[in-house]
Each structure stands twice: as structure tokens, then as C-alpha cells.
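Next come the chains, spelled out residue by residue.
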Amino acid sequence: MSDPVLSAGPDMLEETLGRLSKKPGVRATLILDRASGAILKTSGQISSIRKTKAPASSLPAVGSFSNETSNNSANQDQGAEELASMVWNFVNTAGSLVQELDTEDEVKLLRLRTKKEEFVIVPDAKYLLIVIHDTSA
Amino acid sequence: MQQRRDEILAKKAKLAELKRQRELRASQATARQSISSSELISPTPGRADNRREIESLINSLVGESRPVSVSTGANSPRRGSRPNSVLSAGELSIGNNSEFAAPANANGQVASSQPQVLSTSLRTVYECPPSPVKEVFSYSKGVQTTEEWTSPRKSHTLSESEDEEPPVTASPSKRLSRRQRDREQELRDSIRKEIEEELRAAKELVTDGVLKPSAAANFPARALTAEELKAVTQSEDFMDFIDRSTKVIEKALDQEYDILTDYTLQVHDIDDDDEQHGNTGGKGRRKVKEVAQFYDERWSKKRMISSIDFSPKFSELFLASYTKNPTAPHDPDGIVQVWNLHLHDRPEFVFHAQSDILTAKFSPFHPNLIIGGAYSGQVLLWDTRARAAPVQKTPLTGSGHTHPVYCVDIVGTQNANNIISCSTDGAVCGWTVDMLAQPQETMTLIAPLPAKVEDLSPLCMAFPQADPTFFLVGSEEGTIYPCHRYDRAGAKAGVDARVSYKGHAAPVVSVAFHPARGPVDLGDLVLSASLDWSVKLWKVRAPATTSAVVAAGGLGAASGETQVSPLLDFVREDVVYDAAWSPVKPGVFALVDGAGWLELWDITVETEEPVARISPSPRKDGRTMLSKSLNKVAWEPTEGKRLATGGIDGAVTLCEVGPDLGGKEGLKNEEWTMVKKLVNKIEAVGVNNATAM
């Protein structure tokens, strides 16, 4: 008997993530590769997360985008990339902290609460799942 | 032997040779490093000397009118600052080498052209070997120039306009072609460019902190192509990760209490007015309140709930079994979902079967195992550590059940327990958990003689707490029969023909023994629910004494049968589908009916009316007709504060009861004696008087 959960793979993936992002207050989800930080999947309004434009993004040389003329989707992509890089560095720093305390330990969950929102990050051996949701709601 | 020794010797020699070479290399490297580090300490003179040397060399080669001030540049403030910057940048590049290595791949195409120019020009220009500093420098250049190719171009044009004038005005060389000179110039420019670059990077480093520039430089290592993305997102690892991580996150999001709430700030009104809020029933300490509903869009849709059971080990987990979804023929017919109190929108686990699941239950002896009975007659075993398919199931052959299995149970002790299953044709089978290929024991229940037909179709089954060899079955015709698994004194295995519990006029859908755990033994009280719109309370005769009772009373001597009447009759306004004793309060039980009510009764308080009742809130997008009927109810066994119920609309509703109906605090011994007294009084006075009191 074939396993229906696995055979319906992509559907289930979409459905699971869709349901997750439909939960009240959820603003964005992001799945990264743990080793390289490459973005595997995103959903939600990632550009809305970042209120402050970093000085780095005003420099012409960051990323391969032609900066000023970039359309909305490119902007979104870049926003996701920047957010991904920030989160990825955060997770790695947290990971190294734990490693230095106890080499056999590892990070299982990161919840970063701010005044406005919360980042819930699940690090795994190979992937990272990040969900950003409003805490005021 | 000798040969082998020779071989070893040869190898040793080789090893020594290798070691020597490595040492040699190491010493060379350290020498080089020490040179560069000495340069670091006193950079300007050595560097300037070096420069001058190179310039003179170039001049001797190029041969004429290059302005000395430009080439040496020792006096100009900008040039003067340059050696410092080079060295600091070099230092930096050593530290950051590994991090800069990654982007090198990305821009590799552009970068590769640069060192090539460098090496050729070096070889053609210098007769003597280049100085070690120069060598280190040119090496790091190949790696470092890779980032940010747009801005350097600007500085390149700038410097060109500045520096190119002398060569342009200069007359052509005799020995070197113009091209070579240009190349020379290019090298110079690129060096300067790079210096400027690194100077700026160093400044940024100082102002912005160490992490940021390096992070920006190496993130992401590279973007994945569409195929790679697809490969990753379809891998089993990935699915597994998504499954686990989303569960964690949903639990985190479903957590209602905000741990950061600051009660000193009275910003938001904390709505503690529970009385008006939400779906509640009953009053004060006998309140019942809806806590949560559990429904999964994918799996719960268009299915009915056929049974509910709480995990004996984890009080937040409970399972619900479901019948088939008639609109999804490709989905498995039967499923079992394990729900978590802290995860509302999706089940913790989903288990499948090829036929409708009619009943399912956690094994009390192994928290990972779940047993179920299917419409096809199969008994199934799932493991929460395994995938969705059952780890074991009985075959569809004549040796087991061939009719729907509406009741399964696990009886025995931790070390010796059996699965007992019962199908509607009256077949009762005993199985071991390890082997479901064949039943360990089989027995067919036959209705005792005065019945018109000998068929007996059990719909429910209950074992007393104390005795795994005796059980009651509730039959389709309305009679409850006591049964023995084995022959015993005065009775054969199968239905005990001497006693029957008659009272219901329609199929009995549930029987439940009192969970006796108190100062007074109430283990002989049985609650039965029937489609005749009633719940009845019975006092069951102990199996060992039935013969004595018959002998002493001689009541049914003519027919050879004792008919026992119910102690109490709770008549309702609709068909009753299930009734369950509270696991902690001796007089409390819950029932669910076809009108969608969950009712809570306390026989120590009131035997005519429920003390509290609640109807689960309908789902928003659910049907309006025929969606309210509740099919099953179950208590959380350890605390006895929560109840789960569900029915035709496929949603499981969790309710919490007030302190007088559940929970272990404030449990009084009098309650037990009150129940006992009530039972004794009814027995003495008779049913009709008791219900009229």
C-alpha cells in the first residue's frame, strides 16, 4: 500500500504551508537551506517586515540587481534575500553560542520577540523554517 | 619475510623524505610570513624602497620621461597613505580569506582574467625574481578583487584620466611595445583600484562592525536553480522537516497565553468575563465550557467520527477514528487522527486503513500503539513511530472476523495482554499484539434459548476493571448479555445463559463499567446507552456468584434465566449515542445525543435532569442540516476535567468542566458513599419508587 502522504508530496507541502500562512497574524514564512542559506521557499509579505532600509542596500553594488529600476518582484526577492541573510546569520551565531557551551548540544527552536512581531525559527540539520507573525493581534 | 621488511624500510624512507620536504616548505612559508609581518610593523620605508626599486626597474626598461613624482609618489599625501592601506587590507584579507573565497566562485569569470594579465606582465618585465611581499600581494589580489565590480569601474576611469597622461605623452619605447606598457599601466591601475577598494572596505569594517560586510559578501553562497529547488523541495528529508517544523510552529502560534504580558500596564482589558465569553453551559462550579475544536480541512472533511479515546500516557493527546469520505474515493476509507490539545488545525498523526474505522483505542500498556477495528472485519495496529499505514493487520480470511468490528479492547496486564475484538456476527477473537496473523482464541456468541433466533449481534463490549475474563456485550435487539471468555464453574465460555439485562427496546450502542477507584467499590455499576432515547444504570451480578444467586433465589427457575432490570432510567428527548462515567467523580457521567447535546449528569445531585449541558458550536462552513448529532464522548482519564466529543460533522470538540464535575481537587469520600447509598436505596425500594422519589 503506497503511502498517500508521501505520494501527494508537493500538494501536501503547499497545503501545509498555505495553512500555516493563513493562520491569524502570520505575515511571512521562509524556508532556507541550513548550510548555504539559499532560499527554498517563501510566502507572505516579506518586504513589509523590513521597515528600515539598510545602508547596504542603497549602495549600488549589493546583489546582482540593477538597483533603481528593479520592479516589485525583484524588490521582494531582494527583501527576502536580505531578511534571509540576517536570519541566517542570527541562527548561525546562536548555533555557535550553543556549540561553545556544549559541543553535543544544538539549537532546537528560536523565538525572537519584538515589540511588534515574533520570529519563530526552527533550525534543523538541513533546513530552517522561519515564520514571522504579529504579536499584537 | 625479508621481502616484507624491505618493503617497510622503503616505505619508511619515503615517509622521511616526505616529512623533510614538508618541513622545508613550512620553513619557507614562515620565512615569507615573517617578512610580510615585519613589513607590517615598519611598512612605509620598506615599501617605498621597494617601490622605488620597481619604478627604477620599470624606468630602465621603459627607458624615458616617466615623471618621477608620480611613480614614486612618496611625497603626495594620498600616495603616502597608500602603503598603510595596502598592508591593513592585506592583513584583513588574510583574516577574511575563507569568507571571500566563496564569492570568488560566483564572479570567477571576471576574476580569472585579472591574475593572468598580472603573471604575464610580471614575467616579461622583471628579470629578477619578484620580492616575496609583492608575491603575497599579487596572490591576494587574485582573490580579493572579486567583489563589487561596478564601483571599481568608476574609480578605474577616474584613475585612468589621472594617470594616463604621462604614458600618452611619452614617446614610444624602443624595447617594449606600447601594448606591454599599457599592460603595465593597467597593472598599476588595478593595484591602486584594489587598494582603494580595500581601504574603503576596511573603513566600513571599522564603522559597521565585523559581521555585516562579510555576511553581505558571502550570502547567499549562490541562488539555487529551478531544478535544484525542485529536487530539494521534493526530497523526503524536506517533507519530513516541513512536517515536523510546522507542527512546532503551529504549536507555538496556538499557544494562547502571552508570556510577556505585563500586568502593571493596563493597556488592554483582559477579558476575564468568562461567563459571557465563548460557548458554555451549566452554572458556577458545574459549568462546562468549550475549549477548542479540532478539524483538519484535508482529512476530517465529510467524515463522521466513530470513536474517541484519550492517550493514557500524554493527557494532551487524544485520537478520533473516522468513517470514509464519500466524495474522495482515492483517499483511504478509514482514518485515525491523533490530536494534540495544543495544535488545533492539524492532527499530530494521521493513520490510514483501507476500510472505515469503526473503533480505535490507545493501548493502555504501550503509549505508541493504537488498535482499531474496521468495517471489513480487520483488526489493525498502528504505531505512532511508524508511517500512516498500519504496522500490523489481521488478514481478510475466515479465521478472524468477516463482519464489521465495532468493539476492540486490550485487556490483561503490562506483561500479558490481549486484544479482544468483537464483530457484529457474534464472533469474539483474542489476539496477541505481536501477531495478528491468526487469533489466539475464537468464540461465537449465541443468543440463549428463549430468543427467537440464535443470532446475536454485539454493538458494544465492556470489561470490568478487575476481571479480564468476563465482559458484557450490548446487542442490536436491546439486551445486554454477560459473557465469559473461558469455561468456569457453572458456566461455559460464551454468553452466560442464566442472566440477561433486559430493559432497552432498541440497539444498545454503549456499555460502560464504573471506573472504580475510590473508598467504596462501585465497580459493579454499569451505564448503557441505547437508541431508544434512554440511558440506564445497572447493577451487574458478579460472574462468580451468578450460580449462587440463581440457586438461592430460584427466580427464573422455570425459564432457567434471571432477568435483571435497570436500577435507574434516564429518559432523554433524542437517541442517545454514547454515555461515559467520569474517571474521577463517582456520581458523574456524560452522554451525547442525536440532537447534538453533550449532557453532564451527577446522580448524587439529581437523577431527573442533567446538571449541565452544552452543544458544540457549529463549524462556520459546515452543513446546517443534520450536522449536530454527536456520536461519541470520552473523558480525559487522569484529571477528569476535559471531555472530547464528536459526531456527524467530523469535528472533535474539547470541553472543560467545572470543579464539581471533574478534577481531582475537592474530591470527597462522601460522594462515594452517597452513590452507594443511592444504589442500596433503589435496590430496596424498587425501580419505580426510586425514579419517582
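Shown above is the structure to which this text applies.
What counts, and at which threshold
- Residues numbered from 1 in each chain as written.
- Chains lettered and ligands numbered in written order.
- Predicted model: local features only at pLDDT ≥ 70, side-chain atom pairs only at ≥ 80, totals over all residues.
- Heavy atoms only, no water.
- Helix = DSSP H or I, 4+ residues; strand = E, 2+ residues; numbered from the N terminus.
- Buried < 20%, exposed > 50% of the residue type's maximum accessible area, 1.4 Å probe, protein only.
- Contact = heavy atoms within 4.5 Å.
- Areas by Shrake-Rupley, 256 points an atom, 1.4 Å probe, with all protein chains shown as cover.
- Salt bridge = Lys/Arg side-chain N within 4 Å of Asp/Glu carboxyl O.
- Patch = residues over 30% accessible without salt bridge, like charges linked within 9 Å, V, L, I, M, F, W, Y side chains within 5 Å.
- Lys, Arg positive; Asp, Glu negative; His and termini not counted.
- Charge placed at Lys NZ, Arg CZ, Asp CG, Glu CD.
- Polar contact = N/O pair within 3.5 Å; in protein donor to acceptor, adjacent residues only side chain to side chain.
- Expected span 1.5 Å × (residues − 1).
- Pairing = 2+ DSSP bridges.
- Axes fitted to C-alpha atoms, helices over the stretch in contact; angles between N-to-C directions.
- Arc of directions from axis to C-beta.
- Core = buried A, V, L, I, M, F, W, Y, C linked by side-chain atoms within 4.5 Å.

### Let's talk about the overall build of chain A
1) Next: When helices and strands are counted, chain A shows 4 helices and 5 strands.
2) Next: Overall, chain A shows an N-to-C arrangement of helices and strands of α-α-β-β-α-α-β-β-β.
3) Next: Looking at chain A as a whole, 44% of its 137 residues are labelled buried.
4) Next: Within chain A, contacts between residues at least 6 apart in sequence are counted, and of these 46% link residues at least 24 apart.
5) Next: Just so you have it, chain A exposes about 7,400 Å², and 54% of that area is on carbon and sulfur atoms.

### Overview of the pattern of salt bridges
1) Next: Evaluated as defined, the whole model comprises 31 salt bridges over all chains.
2) Next: For Arg 111 of chain A, the salt bridge identified is with Glu 118 of chain A, shortest N-O distance 3.0 Å.
3) Next: On the accessibility criterion, Glu 118 of chain A (3% relative accessible area) is buried.
4) Next: One salt bridge connects Glu 441 of chain B with Arg 485 of chain B, and the closest N-O pair in it is separated by 3.1 Å. One end of the pair, Glu 441 of chain B, is in strand β14 (residues 441–444); the other, Arg 485 of chain B, is in the loop between β17 (480–484) and β18 (494–495), and 44 residues separate them in sequence.
5) Next: Where salt bridges share partners, they join Asp 243, Lys 247, Glu 250 and Arg 346 of chain B into one cluster.

### Looking at a negative patch on the surface
1) Next: Side chains of Asp 102, Glu 104, Asp 105 and Glu 106 of chain A sit close together on the surface and give a patch of like negative charge.
2) Next: Residue placement: Glu 104 of chain A occurs in the loop between α4 (72–101) and β3 (110–113).

### Considering the side chain of Ser 190 of chain B
1) Next: Counting through the fold element by element, Ser 190 of chain B comes out in helix α9 (residues 178–208).
2) Next: Among the polar contacts made by the side chain of Ser 190 of chain B, one reaches the main-chain carbonyl oxygen of Leu 187 of chain B at a distance of 2.7 Å.

### Concerning helix α12 (residues 236–254) of chain B
1) Next: Between its terminal C-alpha atoms α12 of chain B stretches 27 Å, which fits the 27 Å expected from 19 residues at 1.5 Å a residue.
2) Next: Taken as a whole, α12 of chain B has its buried residues at Phe 238, Met 239, Phe 241, Ile 242, Ser 245, Thr 246, Lys 247, Ile 249, Glu 250, Ala 252, Leu 253 and Asp 254 of chain B.

### Thoughts on the sheet that holds β3 of chain A
1) Next: The 5 strands lie next to each other as β2-β1-β5-β4-β3 (chain A), forming an open sheet whose pairing is antiparallel. The open sheet has two edge strands with one neighbour each: β2 (39–44) and β3 of chain A. When strand polarity is set aside, the average angle formed by the axes of neighbouring strands in this sheet is 10°.
2) Next: Across 7 bridges, the pairing between strand β1 (residues 26–33) of chain A and strand β5 (residues 127–134) of chain A is antiparallel. Within β5 of chain A, the position partnered with Ala 28 of chain A by the bridge is Ile 132 of chain A.
3) Next: The strands touched by α12 of chain B within the sheet are β1, β2, β3, β4 (117–123) and β5 of chain A, with β5 of chain A carrying the most contacts at an inclination of about 25°.

### Examining helix α14 (residues 669–685) of chain B
Residue and element names in this part refer to chain B.
1) Next: Across its 17 residues, α14 extends 25 Å between first and last C-alpha, which sits within 8% of the 24 Å expected from 1.5 Å per residue.
2) Next: For α14, the full list of buried residues reads Glu 671, Trp 672, Val 675, Leu 678, Val 679 and Ile 682. Taken down its axis, α14 places every buried residue within 125° of arc, on the same side. Of the exposed residues in α14, those oriented more than 90 degrees away from the buried face are Lys 677 and Ala 684.

### Side note on the nonpolar core
Here is a general trend for soluble globular proteins: nonpolar side chains tend to be buried in one another's company.
1) Next: In this structure, Leu 525, Leu 527, Val 535, Leu 537, Phe 570, Phe 589 and Ile 603 of chain B are the most contacted members of the largest nonpolar core, which totals 24 residues.
2) Next: Mapped by element, the contributors of at least two residues to this core are β20 (508–513), β21 (525–530), β22 (534–539), β24 (568–571), β25 (576–581), β26 (588–593) and α14 of chain B.
3) Next: With 5 residues, the single largest contributor to this core is α14 of chain B.
4) Next: Each residue touching Phe 570 of chain B, except ones within four places of it in the same chain, is listed here: Leu 527, Trp 533, Ser 534, Val 535, Leu 537, Phe 589, Trp 601, Ile 603 and Thr 607 of chain B.
5) Next: Residues Tyr 127 of chain A together with Phe 238, Ile 249 and Leu 253 of chain B belong to the second largest nonpolar core, which totals 20 residues.

### Details of unusual backbone geometry
All names here are of chain B.
1) Next: Of note in this structure, Lys 302 is not a glycine but carries a positive phi near 55°.
2) Next: Relative to the elements of secondary structure, Lys 302 occurs in the loop between β2 (288–294) and β3 (305–310).
3) Next: Phi at Trp 533 is positive, roughly 70°, even though this residue is not glycine.

### Looking at the sheet that holds β24 of chain B
Residues and elements named next belong to chain B.
1) Next: Ordered by their spatial adjacency, 4 strands build an open sheet running β20-β21-β22-β24, and the pairing between neighbours is antiparallel. The open sheet has two free edges, formed respectively by β20 and β24, since each of these has just one partner strand. For this sheet, the mean angle separating the axes of adjacent strands, direction not counted, is 15°.
2) Next: As judged from the 4 bridges shared by β22 and β24, these two strands associate in the antiparallel manner. Counterpart to Lys 536 in the pairing with β24 is Asp 569.
3) Next: Lying over the sheet, α14 contacts β21, β22 and β24, oriented at roughly 90° with respect to β22.

### Here we look at a nonpolar patch on the surface
Residues and elements named next belong to chain B.
1) Next: Residues Tyr 257, Ile 259, Leu 260 and Tyr 263 make up a contiguous nonpolar surface patch of about 490 Å² in total accessible area.
2) Next: Here Ile 259 lies in the loop between α12 and β1 (280–281).
3) Next: With relative accessibility at 67%, the residue Ile 259 sits in the exposed group.

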